[in-house]
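Fold and contact review
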Amino acid sequence: MDRPIFYAHSGLRYLVLLAGVLAIAYFAFGLATKRPFDKVGRILGASFAGLLHLQVLLGLLVLATRFYYPQLIGHIVMMVLAAVIAQLGMSLNRRRPQPAWGLPLVGVLVAFVFIVGGIMAIGRGVFTTTAM
Ligand code: HEM
């Protein structure tokens, strides 16, 4: 029973990372070209934050089905921080009278660093999968 959830959690990371790279590239392009923040930016940011939240949910299910060890604390703390920071970057930007690129860019960049750190906290590589 725990295998499909574990593999889903392991695999979804690639979608999260891809969404993060796309959002970073688009936000940086928008910032460099000084264009107004647009709908594509909103969709890319929301996709990254949404996939990250889904991954947190799957992670909690994995946690409930696998044995616990202390390094998992680093994984969990960094991932929860990543999800909060990514969401804050998008939500605060949306509430501004003039949404811009800087805040969501910083939010996704910092979240991305926490995600990489969170994966490394349990001794895994960003692109390695554990066979069960
Ligand atoms: C609160 C949120 C999260 C919890 C509770 C959680 C929990 C877990 C647990 C229990 C494991 C299994 C560790 C093991 O058996 O050695 C794991 C593995 C993993 N998690 Fe999470 N996780 C969370 C968030 C995330 C996020 C946001 C990502 C990436 C975007 C992520 C990526 C991974 C990866 C890559 C692995 C290793 C998979 C493999 O070895 O194939 N986790 N997580």
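One structure accompanies this document, and this report is about it. Keep in mind that what you see is a predicted model, and the values were worked out from it rather than measured.

Conventions adopted
- Sequence order as written defines the numbering, with residues in each chain counted from 1.
- For a predicted model such as this one, the threshold for reporting local features is a pLDDT of at least 70, and the threshold for listing and counting side-chain atom pairs is 80 or more; totals across whole chains, interfaces and linings nevertheless cover every residue.
- Each helix is a run of DSSP H or I of at least 4 residues and each strand a run of E of at least 2, with the numbering of both proceeding from the N terminus.
- A helix's residues, less one, multiplied by 1.5 Å, set its expected span.
- The exposure label follows from counting other C-beta atoms within 10 Å of a residue's C-beta, where the C-beta atoms are placed from the backbone and the thresholds are 20 or more for buried and 12 or fewer for exposed, leaving partly exposed in between.
- We call a residue near a molecule or strand when its C-beta atom, built from the backbone, sits within 6 Å of it.
- Following the grouping adopted for this structure description, the nonpolar residues are Ala, Val, Leu, Ile, Met, Phe, Trp, Tyr, Cys and Pro, the charged ones are Asp, Glu, Lys and Arg, and the polar ones are all others, Gly among them.

To continue, consider helix α3 (residues 72–95). Its 24 residues place the ends of α3 35 Å apart at the C-alpha level, agreeing with the 34 Å of an ideal helix rising 1.5 Å per residue. Three or more residues of α3 are buried, namely His 75, Met 78, Met 79, Ala 82, Ala 83, Ile 85, Ala 86, Gly 89, Met 90 and Asn 93.

A separate point is the site of the ligand. Contacts to the ligand come from 23 residues, most closely from Ser 10, Gln 55, Gly 59, Met 79 and Thr 130. When contributions to the shell around the ligand are tallied by element, the ones reaching two or more residues are α1 (2–33), α2 (39–65), α3 and α4 (102–121). Of all the elements, α2 adds the most residues to the shell around the ligand, at seven residues. Tallied by class, the residues present in the shell around the ligand amount to 13 nonpolar, seven polar and three charged.

What follows deals with α4. Residues that lie three or four places apart on an α-helix share one face, since the helix turns once every 3.6 residues. Taking 1.5 Å of rise per residue, 20 residues should cover 28 Å, and α4 covers 28 Å from first to last C-alpha, within 8% of that figure. Looking at α4, one finds that the buried residues are Leu 103, Pro 104, Leu 105, Gly 107, Val 108, Ala 111, Phe 112, Phe 114, Ile 115, Gly 118 and Ile 119. Phi for Gly 123, located one or two positions after α4, is positive at around 70°.

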